[in-house]
Amino acid sequence: MKKVSTSRPKQLIGYSDRIDFPDFGLQDVEAKIDTGAYTSALHCIDVQLISHNDTRQLQFTIASGQSGDQLQITTEQFQYKTIKNSFGQSEKRFVIRTRVRLMGKIIVAEFSLANRGSMRFPVLLGRKLIRNKFIVDVSLKDVSFRAKKQTP
């Protein structure tokens, strides 16, 4: 017996797009969709664990889009997890949960904090984020960004 899917139809996205991070006030951040990566990653520098009034906080700096300005973020909501990097080696990284906007959808997702300064894209969207929501057509680019610009 064939299982009938009751889920919503998946939206088509390209190999890269521009996404928003509403929790950080960032818009149109370039992101690469990587079906080979399980987790998503966010380019950060100066990641440090700090103690403040008997609480542990994570502080990190992200580039705020095209302008190159830097934005310092402090959060108490984080984890320290083992992540496989692009070379297949395990490494420990801080992981945060935040909201992103892609194709008009707000998605709560985990992002490992990594220095992606030498990479073309500051954000990597992995399978965990795109699963059951999107289909990737590698011949397309900026599908969500163009749709957002056309919306009045």
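Before going into details, it helps to say that this report is about the structure given with it. (Residues numbered from 1 in each chain as written. Predicted model: local features only at pLDDT ≥ 70, side-chain atom pairs only at ≥ 80, totals over all residues. Heavy atoms only, no water.)

1. Let's talk about the overall build of the protein chain
Heads up, the rule is: Helix numbering and strand numbering both begin at the N terminus, where a helix is a DSSP run of H or I of at least 4 residues and a strand a DSSP run of E of at least 2. The reference for a compact globule is 2.2 Å times residues^0.38; the radius of gyration itself is calculated from the C-alpha atoms. Any residue under 20% of the maximum accessible area for its type is buried, any over 50% is exposed, and the rest in between are partly exposed; the area is computed with a 1.4 Å probe on protein chains only. Throughout, a contact is declared for two residues whenever any of their heavy atoms are within 4.5 Å. Surface accessibility follows the Shrake-Rupley procedure with a 1.4 Å probe radius. Residue values consider only the protein chains on display as shielding. In this tally Asp and Glu are treated as negative and Lys and Arg as positive; neither His nor the chain ends contributes. One atom stands in for each charge, and that atom is NZ of Lys, CZ of Arg, CG of Asp or CD of Glu.
What the protein chain contains, in helices and strands, is two helices and twelve strands. In the protein chain, the succession of α and β elements from N to C terminus is β-β-β-β-β-β-β-β-β-β-β-α-β-α. In terms of overall size, the protein chain behaves like a compact globule, its C-alpha atoms giving a radius of gyration of 16 Å where 152 residues would be expected to give roughly 15 Å. Split into buried and exposed, the 152 residues of the protein chain put 38% on the buried side. Counted over contacts in the protein chain with a minimum sequence separation of 6, partners at least 24 positions apart contribute 54%. For the protein chain, the exposed surface amounts to about 9600 Å²; the carbon and sulfur share of it is 48%. Measuring between centres, the 25 positive side-chain charges of the protein chain sit 10 Å from its 14 negative side-chain charges.

2. Some words on unusual backbone geometry
Positive phi outside glycine occurs at D46, with the angle close to 50°. Looking at where D46 falls in the secondary structure, it is placed in strand β5 (residues 45–52). The phi angle at N132 is positive, at roughly 65°, despite the residue not being glycine. Looking at the element boundaries, N132 is found in the loop between α1 (127–130) and β12 (134–136). By relative accessible area, which is 57% here, N132 ends up exposed.

3. A word on the nonpolar core
We apply this condition: Here, the term nonpolar core denotes a set of buried Ala, Val, Leu, Ile, Met, Phe, Trp, Tyr and Cys residues that are joined through side-chain atoms within 4.5 Å.
Among the nonpolar cores identified, the biggest contains 29 residues, and F21, F24, L42, F60, F111, V123 and L125 are the most heavily contacted of them. For this core, the secondary structure elements donating two or more residues are β2 (16–21), β3 (26–33), β6 (55–63), β9 (90–102), β10 (105–114), β11 (123–125) and α1.

4. As for the side chain of D17
For clarity, the cut-off: When a carboxyl oxygen of Asp or Glu is within 4 Å of a side-chain nitrogen of Lys or Arg, the pair counts as a salt bridge. Residues adjacent in sequence count toward polar contacts only when both atoms are side-chain atoms; beyond that, a polar contact is any pair of N or O atoms within 3.5 Å, and within protein one must be able to donate a hydrogen and the other to accept it.
Secondary-structure assignment places D17 in strand β2. The side chain of D17 sits in the buried core without any salt bridge; R18 is the nearest counter-charge, 6.5 Å away. Among the polar contacts made by the side chain of D17, one reaches the main-chain amide nitrogen of V143 at a distance of 3.2 Å. Leave out the neighbours within four places in its chain, and D17 touches V29, E30, A31, I33, L102, D142, V143, S144 and F145.

5. Focus: the packing of aromatic side chains
Applicable threshold: Note on ring pairs: Phe, Tyr and Trp rings are taken, using the six-membered ring of Trp, and paired if centres are within 6.5 Å. Classes follow the plane angle, with under 30 degrees stacked, over 60 edge-to-face and the rest tilted.
Scanning the model with the defined rule gives five aromatic pairs in all. With a centroid separation of 6.0 Å and 25° between ring planes, the pair formed by F21 and F24 is classed as stacked. By relative accessible area, F24 is classed as buried at 14%. For the ring pair Y80 and F94, a centre distance of 4.7 Å and an interplane angle of 45° mean the geometry is tilted. On the criterion of sequence distance, the pair formed by Y80 in strand β8 (residues 79–84) and F94 in strand β9 is long-range, its members being 14 residues apart.

6. Re the pattern of salt bridges
Scanning the model with the defined rule gives ten salt bridges in all. Measuring nitrogen to oxygen at the nearest pair gives 2.7 Å for the salt bridge that ties R99 to D23. You can see R99 sitting in strand β9 and its partner D23 sitting in the loop between β2 and β3, a full 76 residues away along the chain. Looking at D23, the relative accessible area reads 40%, which means it is partly exposed. Residue K149 pairs with D28 through a salt bridge whose shortest N-O separation is 3.9 Å.

7. Description of the environment of F145
Relative to the assigned elements, F145 resides in helix α2 (residues 143–150). On the basis of relative accessibility, which here comes to 14%, the residue F145 falls in the buried class. Setting aside chain neighbours within four positions, we find F145 in contact with D17, R18 and D28.

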